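# Report on the structure
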Amino acid sequence: MNLLFFTLRRVGIILPTLLLVSVMVFLLQHLLPGDPAIALSGDEHDPAVVEHLREKYGFNRPVLVQYGMWLGGVLQGDFGSSYRNKITVLELIATKLPVTLELAIFSMLIALAIGVPLGIIAATRKDSPIGLIANLIALSGISLPHFWLGIMMILIFSVNLGWLPSSGFVPITEDWKQNLTSLIMPSFVLGSGVAGVITRHTRGAMLQVLSSDYVRTARAKGLTERVVVNKHALRNALMPVITLSTIEFGRLLSGAVLTEQIFSIPGFGKLIVDAVFNRDYQVIQGVVLVAATLYILLNFVADILYYAVNPRLRG
Amino acid sequence: MSLRRVFFGACLSILFGQAAMAQTMRVGINDDPDQLDPALSRAFSARLVLSTFCGKLFDITPDLRVVPQLATGFEWTNDNKTMVIKLRPGLKFDDGEPLDAEAVKYNFDRNINLPGSLRKSELLGVTTVDAVDPVTVHVNLKEPQAPLPSVLADRAGMMISPKAGKALGQNFGSGPSCAGPFKFVSRVAQARIIFEKNPNYFEADKVSIQRVEFTPVIDTTVRLANLQSGQFDLIERVSPTDVEQIKKDSRLKLTVAPDLGFAYLQFNVNNGPRGKLLADPRLREAIDLSIDREALVKVAFQNTFIAGNQFVGPASYYFMKDVPVPKRDVAKARALLKEAGVPNLSFKLIVRPDRDFQVPAQVIQAMLKESGIDMIVDTQENVTGLNNGAKGDFDALFSFWSGRVDPDGNIGHYMLCDGSANSSKYCDPEADKLLVQARQKVEPADRKAFYDQIGRKFMKDRPLISLWYRQLFIAHTAKVQGFVAYPDGLVRLVGVKM
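### Points about the overall build of chain A
Along chain A, the regular secondary structure elements total 13 helices and zero strands. When the helices and strands of chain A are placed in sequence order, the string is α-α-α-α-α-α-α-α-α-α-α-α-α. Taken along the three principal axes of its C-alpha coordinates, chain A extends 85 × 60 × 35 Å. By sequence separation, contacts in chain A at least 24 residues apart represent 70% of the contacts at least 6 residues apart.

### Some remarks on the overall build of chain B
Of regular secondary structure, chain B possesses 15 helices and 19 strands. By the compact-globule yardstick of 23 Å for 498 residues, chain B fits well, its C-alpha radius of gyration being 25 Å. For the C-alpha atoms alone, the extent of chain B along its principal axes is close to 95 × 60 × 40 Å. Counting across all 498 residues of chain B, residues that qualify as buried make up 50%.

### Digging into the interface of chain B and chain A
Between chain B and chain A, the contact holds 35 residues from the first and 41 residues from the second. Mapped by element, the contributors of at least two residues to the side of chain B that touches chain A are α6 (220–229) and α12 (382–391) of chain B. Tallying contributions element by element places α6(B) first for the side of chain B that touches chain A, with six residues. Split into classes, the residues belonging to the side of chain B that touches chain A amount to 13 nonpolar, 18 polar and four charged.

### Brief notes about the sheet that holds strand β16 (residues 374–379) of chain B
Residue and element names in this part refer to chain B. Taken in spatial order, the six strands line up as β14-β18-β13-β17-β15-β16 in an open sheet, and their pairing is mixed. Two strands bound the open sheet, and with one partner strand each, they are β14 (306–307) and β16. One ladder, built from six bridges, connects strand β15 (residues 346–351) with β16; its direction is parallel. Bridged to Ser346 within β16 is Asp374.

### Focus on helix α12 (residues 268–277) of chain A
The element α12(A) is extensively covered by neighbouring structure, given that seven of its 10 residues are classed as buried. A:Arg279 sits one or two positions beyond α12(A) and adopts a positive phi of about 55 degrees.

### Observations concerning unusual backbone geometry
Phi at B:Gln190 takes a positive value of approximately 65 degrees, unusual for a residue other than glycine. Turning to its location among the elements, B:Gln190 is positioned in the loop between β8 (182–188) and β9 (192–197).

### Remarks on the packing of helix α5 (residues 89–124) of chain A against helix α10 (residues 225–253) of chain A
Each pair of packed helices can be summarised by the angle the axes make with each other and by the distance between the axes. Residue and element names in this part refer to chain A. Their axes nearest at 10 Å, the elements α5 and α10 cross at an angle of 145 degrees. By crossing handedness, the relation of α5 to α10 is classed as right-handed. Counting all contacts with α5, which are made through Thr100, Leu101, Ala104, Ser107, Met108, Leu112, Val116, Ile120 and Thr124, the residues of α10 involved are Val229, Val241, Ser245, Phe249, Leu252 and Leu253.

### So, the confidence of the model for chain B
When pLDDT is averaged along chain B, the result is 92, and 96% of the positions lie at 70 or above. Contacts for the low-pLDDT stretch residues 6–21 of chain B, under 50 throughout, to residues beyond four places or in other chains number one contact.

### Observations regarding the pairing of strand β6 (residues 126–133) of chain B
Pairing of β6(B) with strand β7 (residues 136–141) of chain B, which is carried by six bridges, proceeds in the antiparallel orientation. In the sheet register, B:Val129 faces β7(B), and the bridge partner there is B:Val139.

### Quick notes on the packing of helix α7 (residues 146–160) of chain A against α6(B)
Put simply, α7(A) and α6(B) touch, their axes get as near as 9 Å, and they point 10 degrees apart. Regarding the angle of α7(A) to α6(B), the classification is roughly parallel. Contact residues: A:Ile151, A:Ile154, A:Leu155, A:Ser158 and A:Val159 in α7(A); B:Thr221, B:Val222, B:Ala225, B:Gln228 and B:Ser229 in α6(B).

### Observations regarding the nonpolar core
Counting residues in hydrophobic clusters, the biggest one holds 136 residues, and the most contacted among them are A:Val287 and B:Met159. Filtering out sequence-adjacent residues up to four positions away, A:Val287 remains in contact with A:Ile93, A:Phe268, A:Leu271, A:Ile272 and A:Ala275. In terms of nonpolar packing, the next biggest core, distinct from the first, is built from 60 residues, B:Tyr264, B:Ala300, B:Phe347 and B:Phe458 among them.

### Quick word on the sheet that holds strand β12 (residues 252–258) of chain B
Residues and elements named next belong to chain B. Strand order across the open sheet formed by seven strands is β8-β9-β10-β1-β11-β19-β12, with mixed pairing between neighbours. Each having just a single partner strand, β8 and β12 make up the two edges of the open sheet. The sheet contact formed by strand β11 (residues 234–235) and strand β19 (residues 471–477) spans two bridges and is antiparallel. Each bridged residue has a counterpart across the sheet, and for Ile235 the counterpart in β19 is Ala475. On the sheet, helix α2 (residues 44–53) packs against β1 (24–29), β8, β9 and β10 (211–216) and is oriented at approximately 140 degrees with respect to β8.

### A closer look at helix α9 (residues 213–220) of chain A
Burial runs low along α9(A): only zero of the eight residues are buried. Once α9(A) ends, the next one or two residues include A:Gly222, with phi positive near 95 degrees.

### Thoughts on the environment of B:Met159
Residues and elements named next belong to chain B. Relative to the assigned elements, Met159 resides in the loop between α4 (148–151) and α5 (162–168). Residue Met159 is classed as buried on the basis of its C-beta count, with 27 C-beta atoms lying within 10 Å. Sequence separation of Met159 and Leu91 is 68 residues, and the distance between their C-alpha atoms is 11 Å. Excluding residues that lie within four positions of it along the chain, Met159 makes contacts with Gly55, Leu57, Leu70, Leu99, Ala103, Val104, Asn107, Cys178 and Ala179.

Rules of the game
- Residues numbered from 1 in each chain as written.
- Chains lettered and ligands numbered in written order.
- Predicted model: local features only at pLDDT ≥ 70, side-chain atom pairs only at ≥ 80, totals over all residues.
- Helix = DSSP H or I, 4+ residues; strand = E, 2+ residues; numbered from the N terminus.
- Contact = placed C-beta atoms within 7 Å.
- Rg over C-alpha atoms; globule rule 2.2 N^0.38 Å.
- Buried ≥ 20, exposed ≤ 12 C-beta atoms within 10 Å, placed from the backbone.
- Nonpolar A, V, L, I, M, F, W, Y, C, P; charged D, E, K, R; others polar.
- Pairing = 2+ DSSP bridges.
- Axes fitted to C-alpha atoms, helices over the stretch in contact; angles between N-to-C directions.
- Left-handed = near helix turned anticlockwise from the far one by under 90°.
- pLDDT = per-residue confidence, 0-100.
- Parallel < 35°, antiparallel > 145°, perpendicular 65-115°, else oblique.
- Core = buried A, V, L, I, M, F, W, Y, C linked by C-beta atoms within 7 Å.

Structure representation (structure tokens):
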């Protein structure tokens with residue numbers, strides 16, 4: 001199967017998938033109990049205001065009509081505006097996505113920097129205390145609740161030591177130093193969870209590769225263990241890890257809700273949580289659609305990369 | 001350039017940098033405001049932020065008296081059907097436009113006529129507004145409306161620049177221009193809202209802070225951690241569970257004010273099929289008598305709140321000092337249930353997921369059990385609960401009213417037959433008559449006579465039962481001087497130094 005055909009086949013799946021996602025998110029949020037007009041109408045829920053809001057935002061129209069109107073807008077590049085603060089959904093996404101992207105990139109770098117070496121150690125020293133410790137570190141990264149870890153880090157590094165800012169985000173264009181310091185703790189919190197997963201997968205992939213014939217041959221030829229692991233085994237073991245990392249990166253982009261709440265990072269996660277609680281349908285729909293698109297595209301890129309590096313897939 | 005000069009320059013820039021930072025007040029707020037438009041905003045956080053930069057015709061004192069701000073005063077004429085407002089001469093908006101009687105008229109018209117205006121219901125009694133001369137406004141009413149001055153001490157009295165209002169229309173919140181001590185600089189949704197000192201403000205000489213930054217942080221623990229670490233200078237809505245910790249921290253100061261509102265259980269007495277269960281007032285009395293309010297605030301809030309059963313708190317002039325908080329009486333509660341023919345009453349209480357509702361709900365559940373009442377806690381997210389309340393799909397719901405300066409704002413919408421928050425569908429023509437009469441009396445002493453009757457009716461008929469009044473806790477670092485907490489919970493920065 002050549003690369004072009006492979007690519008076209010994947011692209012052919014993307015559009016129907018996105019359409020299905022849009023239908024699901026639209027219908028699911030309309031199944032949420034609670035009248036959004038009441039949510040938007042203030043403390044006293046003036047009936048005249050509630051009725052005005054229903055009329056203005058089309059809440060009193062059939063769900064299919066509302067979906068059709070929204071989809072028509074999206075196809076013309078109009079994702080609507082937040083009911084709550086009138087900012088356009090595209091503007092909200094344009095301001096929040098780079099923040100979450102930056103947080104996801106730093107988290108992923110930390111995850112890889114911790115996870116891959118730990119996974120190699122866990123595999124090559126599997127019968128030793130060091131291997132056990134590596135496994136325990138991975139497990140704790142997966143097990144420790146982000147919320148708890150985040151607050152503990154704030155208490156230690158911000159409140160007691162005063163080394164790092166406890167919350168907030170400064171754009172890199174405003175001050176790159178403050179930008180970096182504001183991301184250290186949240187990136188570590190997010191990255192530690194992903195590092196645990198990467199460690200486990202790297203260990204599993206390495207163990208499989210280290211028991212293969214060509215590695216046995218390399219050892220038989222007298223190559224040092226270091227050369228065997230780093231030059232021969234690691235390259236093949238990293239292929240599934242690349243795929244996994246791409247998927248994890250996509251999950252990070254979908255919004256690290258708890259971490260963003262704790263550290264007041266104005267990213268996707270915070271945006272969508274607030275939108276759900278305020279029944280801000282337009283924002284929910286727009287953000288979920290964009291997040292789904294990014295996730296699908298990332299998986300597509302991972303598939304292409306995997307196809308390109310793995311000759312067995314070319315048939 | 002010599003090394004000495006470079007060193008000197010660096011020291012100076014650090015010093016001035018510190019000074020500039022010291023002039024920036026960083027405030028942690030509970031949530032991101034909705035629209036920064038007095039006519040369209042509904043969230044408390046928006047009210048808090050708006051009050052920073054939007055001057056009002058009137059304001060309140062810590063003891064809830066209405067005092068002039070942009071206005072110099074008011075008087076009632078024409079059988080109390082016209083409110084004559086006098087403005088300070090020479091006022092300007094932060095965009096340089098004059099704040100005169102025509103601008104005030106524009107604001108009234110906007111609040112009443114803008115589609116979706118949430119202020120319209122607050123100004124229902126207003127028929128016309130006349131700009132008589134540059135500093136005199138006549139607000140003409142259908143009937144006398146005593147709450148109007150206190151209404152104009154809130155969002156309905158916040159004056160926006162007509163130039164900005166006309167240019168931006170419903171999107172005024174994207175670039176607001178008002179006449180307060182600060183002016184809007186920028187906003188990143190859910191991140192920061194920045195203001196700087198407004199040189200046009202009439203009391204600019206009393207404003208020493210140059211810049212204000214608001215940052216929303218939902219979690220109270222994280223908000224406090226930010227204050228302790230120095231990220232914030234002041235935080236609002238401190239959790240009662242953090243009060244002791246703040247008191248012990250020498251870096252921080254706590255200011256307290258009695259809140260305007262009250263927590264309550266609202267009963268469905270006549271709203272749809274589920275209105276039959278608690279329609280009998282003896283059952284509601286039994287529920288009321290089963291609750292030990294003192295114990296409730298002790299267990300749920302470490303005694304930081306005040307037990308009560310009236311619709312206004314102790315700070316209000318209209319609070320009935322001679323009416324004690326009722327003592328728990330389980331024997332009488334059981335007798336009432338038996339008399340009503342429901343010795344084993346069971347009902348569902350809609351409760352929000354927040355800790356400040358869940359914990360007291362569980363305490364109440366345990367208290368009611370001793371009277372033989374099975375109260376089931378039905379946790380529902382806020383919007384869902386409101387919706388079910390409006391539809392009548394509830395037995396009882398547990399909620400909180402943030403309160404208004406005027407007593408009418410605390411009771412009218414719950415007890416009037418067509419009250420906007422009357423999910424109970426309680427309707428008593430006598431109560432309606434008293435509430436309307438209380439609104440039309442302008443002298444506080446006259447109004448108090450009516451509100452005393454209304455209060456007694458409220459406590460006897462029990463469409464709601466009030467449980468406690470909050471205390472508002474605002475914490476700040478020790479370097480913030482001159483901050484005073486007000487019962488409305490707003491952050492006033494005129495006269496505050498750092």
